[in-house]
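Observations on chain architecture
If you want the building blocks of each chain, they are given just below.
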Amino acid sequence: MKPDQVLVKTVGISKSFSGVTVLDNINVEILQGEILGIIGENGAGKSTFIKILNGTYTPSEGRVFFAGSPVHIRDTSVAKRLGISTIPQEFNLINHLSVYENIFLGKELVKGNRLLDKQQMKEKTSELLRELDTDIPPDAKLQDLSVAQKQMVEIAKAIAYDSRLLIMDEPTTVLTQHEIDILFNLMQRLKEKGVTIIYISHKLREVKRICDRVIILRDGQFISLDPTDALDEQEMARRMVGRELTQIFPPKIQPQANAVLQVRNLSVSGLLHDISFDLRKGEILGFSGLIGAGRTELAEALIGIHPITSGQIMINGKTQVISSPIDAVNNGIAYLSEDRQGTGVLTSFDVASNVTLVSLNEYCKPLIDRKKEKAQTEEYIKAFNIRTPSTRTLLEYLSGGNQQKVSLAKSLDPKPEIFIIDEPTRGIDVNAKKEVYYFIHELVKTGISCILISSEMEEILGLCNRVVVMREGRVTGILEADEMSEAEIMFYATGLKEGA
Amino acid sequence: MQTNILKGKLDLEKHGPLFALVVLFILSSIASPYFLQTRNILNILRQVSYTGIIALGMTFVIISGGIDLSVGSMTALIGGLVIMALNYFGGGIMAIIIAILFGLLLGMFLGAINGLIITKGKVAPFIVTLGTMAIYRSFTLYVSNAGEFRSTSNLYPKLGMGYFLGIPIPVWLFFGLAALFGVILNSTRYGRYVCAVGSNERVARYSAINVDRVRLIAYIIVGFTVAVSAILMSSRLNSLSSSNAGVNYELDAIAAVIIGGTAMTGGVGSMSGTVIGAIILGIINNMLNMLGVSPYLQGTVKGLVIIGAVLIQRKKA
């Protein structure tokens, strides 16, 4: 086969979910035996693109050609037959099976008498793992392995079958430098054998080092496909974010000098390391970072979901112990969850019961005062323009956007001083976003201080007074208003710059 | 237009058990002329009140997302120990009061043991109460040497046998507790929290609800209701068999809750539904007796009704 032969060609690939286009008209040619990087911000469409190639999704429009012929990859088994394997972002391994059982799961080798040929499977597993330069015993149970070892098993599993296209989605997030070096060596060897590799990563330095060419996506759009030699990391970061700020943001209000919340050297075992920052009164403090940077985990630590292993939280200058959400509410901290149905609202409860769930004590004397509950809920319905037939309608009959507003009312009813808002505009349209922005603006005017966790750069830049950038459970930088730019935030988020 | 359809559907869901009761009542009146006699009706109500009272407590547990299989064994243990306490204190009016207080506290204590293992030990309620079901029964048998607990008091039976305004005392307690628990479930913070915990524990936790405490209290409540039932039963017979008392009570109590429309998955339910569920079971038993169906087959009918009720629930969801 010629080295420059096209292995995969996509023609006009698009994907939309319930009317929202997440991938728009992608035309690329992936060459036989190349390592192709795909980079972009969260939500740029990287994962959607590879999920179309490996059969998890079918494209809404467009066609895929594999080795010259049109293919319809309608599910993952079709992809497997074509020789497309994926090392997923999240492990796809069974914890109570051994290493070799996992590697051969669904493709077990059998002897002539139909019984499992354990000996041969173990030998093959040893061989694979040797190639990866790790000394994991094939008999070891998955649950006894470290996260990095599991990642190596996942990689071994992917190369166990003769793959022609190997897709790696953020494979190095949990690996140490040494293991990354081994992985890169292996990728090089696979490439020499003619295997094509698609490599998705947020770590631009690694992309620069290992990839031949790199695709940049932004908001589901194709931005560029260039040899990595032609781009430096700064240029990559710039292309990932490069957008004009539109005028949908309210004016910023200067916060007061005193800090309502001071976090000092806060750590949560395995999740957060040595986090320190101040939140000033009336401030909107942004939290930026890539997926897995630990922003939601930090919010959850502040409301007592994750036990704090060291460090302290001071509210209005006094050290407070927050070991449960009850403590958080008592200290005037409210949290608007990013996971609305998982942690935000009860869909089997009616609107009023959701609104008063956190602050129910205020409505008891000692029996619940339904009139007061109803009156208060009606105020929120008016203020937030919640579309519901009545205060006693079950939440499951409301649309997602209206459920989000109920969740907001529920968080605000205890009258918090500090409001942590986690991805408030995920999956809502521009006008609804604008509503949310002005709403946060109004809150701050009344003296509430906000922490805004957002993956949308625009939002962070347009709303926040300052921004804290996180990466892998650490704060890598705190940027003042005059230092804030998309490229600068991306430098800290991807690890190109560090230290405040 | 659409809200009307929605309302109609909701109403049918809400009043399904009541509708079933009315139909069953009419059918029974037609099938047997004796059914509508006051004595028969009071008899049915008295019979259902023992497991019905337990079902009231069970309603909290099931709405909170749990289950308690130990209630039958617990009934025997509490009933037996109450009789022993009564005999120890001499059988007078003071002795009865002390024995009753002792029984109620013991019930809450045994419920708390279940609740603590479930919440602090993070063991599934099914497993914990399956274990304590065996333990409570075995302890009852051990204490009585597998025999009978006999009360020496002449006064004690007046409680279980007695009437107030022509209605048996257990029936008064059944309806009284149902009304009280109904108010707790519908109109207090605790009731709201029980539903929240059962419908989504994570949301409840993030909403500053002490999930463990809510669940623990549910098991204490069911322990309390078991004690009330155990006292009434031991008092009615003035004795209690260590091997037979309370057998299959968990089945009847859980069945009443489920037939009453409370979701097995937790989150939603009602006290009035449980009362209706218990009465439906009582009428079915009564009719099977009157129609001369073998008592050995009555369990089959009960089983079918339970499965049918859950099937209907599933369809609604």
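1. What about the overall build of chain B?
When helices and strands are counted, chain B shows 13 helices and 4 strands. Over its C-alpha atoms chain B spans a radius of gyration of 20 Å, differing by no more than 12% from the 20 Å that the globule rule assigns to 317 residues. Structurally, chain B occupies a C-alpha span of about 70 × 55 × 35 Å along its principal axes. Going through the 317 residues of chain B one by one, you find that 48% of them count as buried. A separation of at least 24 residues holds for 79% of the contacts in chain B among residues at least 6 apart in sequence.

2. Re the overall build of chain A
The helix and strand inventory of chain A stands at 17 helices and 20 strands. Relative to its length of 500 residues, chain A is compact, with a C-alpha radius of gyration of 25 Å against a globular reference of 23 Å. Seen through its C-alpha atoms, chain A measures out along the principal axes to roughly 75 × 50 × 45 Å. Taking all 500 residues of chain A together, the buried fraction comes to 44%. Taking all contacts inside chain A whose residues are at least 6 apart in sequence as the whole, residues at least 24 apart take part in 67%.

3. As for the interface of chain A and chain B
In this complex, chain A contributes 22 residues to the contact, which on the side of chain B involves 17 residues. Sorting the residues of the side of chain A that touches chain B by element identifies α10 (325-330) and α11 (340-344) of chain A as the ones contributing at least two each. Looking at the side of chain A that touches chain B element by element, the count peaks at 4 residues for α10(A). Residue composition of the side of chain A that touches chain B, grouped by class: 15 nonpolar, 7 polar and no charged.

4. So, the sheet that holds strand β19 (residues 466-471) of chain A
Sheet strands line up and pair through hydrogen bonds in the backbone, either parallel or antiparallel. Residues and elements named next belong to chain A. Read from one edge to the other, the open sheet built from 6 strands follows the order β16-β17-β18-β13-β19-β20, with strand pairing classed as mixed. Of all the strands in the sheet, just β16 (333-336) and β20 (474-479) have a single pairing partner and so form its edges. Pairwise comparison of adjacent strand axes, ignoring direction, gives a mean angle of 20° for this sheet. Bridge count for β19 against β20 is 5 bridges, and the pairing is antiparallel. Residue Val469 lies in a different strand from β20, and its bridge partner there is Gly477. On the sheet, helix α14 (residues 400-412) packs against β16 and β17 (418-422) and is oriented at approximately 170° with respect to β16.

5. Quick look at the domain arrangement of chain A
Residue and element names in this part refer to chain A. Under the domain assignment used here, chain A contains domain 1 (6-241) and domain 2 (259-494). Each of domain 1 and domain 2 has a C-alpha centre, and these two points are 35 Å apart. Counting residues at the interface gives 10 residues for domain 1 and 10 residues for domain 2. With 4 residues, helix α8 (residues 233-241) is the largest single contributor of residues to the side of domain 1 that touches domain 2. Among the residues making up the side of domain 1 that touches domain 2, the classes are represented as 4 nonpolar, 4 polar and 2 charged.

6. As for the nonpolar core
Counting residues in each nonpolar core, the largest one holds 224 residues, and the members touching the most others are A:Ile198, A:Tyr199, A:Leu302, A:Ile420, A:Leu452 and B:Met58. Here this core gets 17 residues from one element, more than from any other, and that element is helix α10 (residues 211-237) of chain B. Shared between two domains, this core takes at least three residues from each, and those domains are domain 1 (6-241) and domain 2 (259-494) of chain A. In this structure A:Ile420 touches A:Ala299, A:Leu302, A:Ile333, A:Ala334, A:Tyr335, A:Leu336 and A:Ile451, once residues within four positions along its chain are discounted.

7. A closer look at helix α3 (residues 71-88) of chain B
Residues spaced three or four apart along an α-helix point in a common direction, a consequence of the helix completing one turn every 3.6 residues. Under the 1.5 Å per step criterion, the end-to-end length of α3(B) is 25 Å for 18 residues, consistent within 8% with the ideal 26 Å. Counting buried positions over the 18 residues of α3(B) gives 14, a clear majority of the element.

8. What about the sheet that holds strand β12 (residues 272-280) of chain A?
Residues and elements named next belong to chain A. Spatially, 4 strands are ordered β12-β11-β14-β15 in an open sheet, and the strand pairing comes out antiparallel. Two strands bound the open sheet, and with one partner strand each, they are β12 and β15 (318-320). Sheet twist, expressed as the mean angle between neighbouring strand axes with direction ignored, is 25°. Pairing geometry for strand β14 (residues 310-315) and β15, over 3 bridges, is antiparallel. Residue pairing across strands places Ile315 opposite Lys318, the latter belonging to β15.

9. Considering unusual backbone geometry
Residue and element names in this part refer to chain A. Along the chain, Lys365 connects to Pro366 via a cis peptide bond; the corresponding omega equals -15°. One non-glycine residue, Asp219, lies in positive phi territory at about 50°. Examined against the element boundaries, Asp219 turns out to sit in the loop between β9 (213-218) and β10 (221-227). Judged by the 15 C-beta atoms lying within 10 Å of it, Asp219 is partly exposed.

10. Remarks on the packing of helix α2 (residues 38-63) of chain B against helix α7 (residues 169-187) of chain B
All names here are of chain B. Where α2 contacts α7, the axes come no closer than 8 Å and their chain directions differ by 30°. Compared by their axis directions, α2 and α7 come out roughly parallel. Crossing of α2 against α7: the hand is left-handed. Facing α2, whose interface residues are Leu45, Arg46, Ser49, Tyr50, Gly52, Ile53 and Leu56, α7 presents Pro170, Val171, Leu173, Phe174, Leu177, Ala178 and Phe181. Considered class by class, the residues forming the contact of α2 with α7 number 11 nonpolar, 2 polar and 1 charged.

Here is what the cut-offs are and how they apply
- Residues numbered from 1 in each chain as written.
- Chains lettered and ligands numbered in written order.
- Predicted model: local features only at pLDDT ≥ 70, side-chain atom pairs only at ≥ 80, totals over all residues.
- Helix = DSSP H or I, 4+ residues; strand = E, 2+ residues; numbered from the N terminus.
- Rg over C-alpha atoms; globule rule 2.2 N^0.38 Å.
- Buried ≥ 20, exposed ≤ 12 C-beta atoms within 10 Å, placed from the backbone.
- Contact = placed C-beta atoms within 7 Å.
- Nonpolar A, V, L, I, M, F, W, Y, C, P; charged D, E, K, R; others polar.
- Pairing = 2+ DSSP bridges.
- Axes fitted to C-alpha atoms, helices over the stretch in contact; angles between N-to-C directions.
- Domains from an automatic or database assignment.
- Core = buried A, V, L, I, M, F, W, Y, C linked by C-beta atoms within 7 Å.
- Expected span 1.5 Å × (residues − 1).
- Parallel < 35°, antiparallel > 145°, perpendicular 65-115°, else oblique.
- Left-handed = near helix turned anticlockwise from the far one by under 90°.

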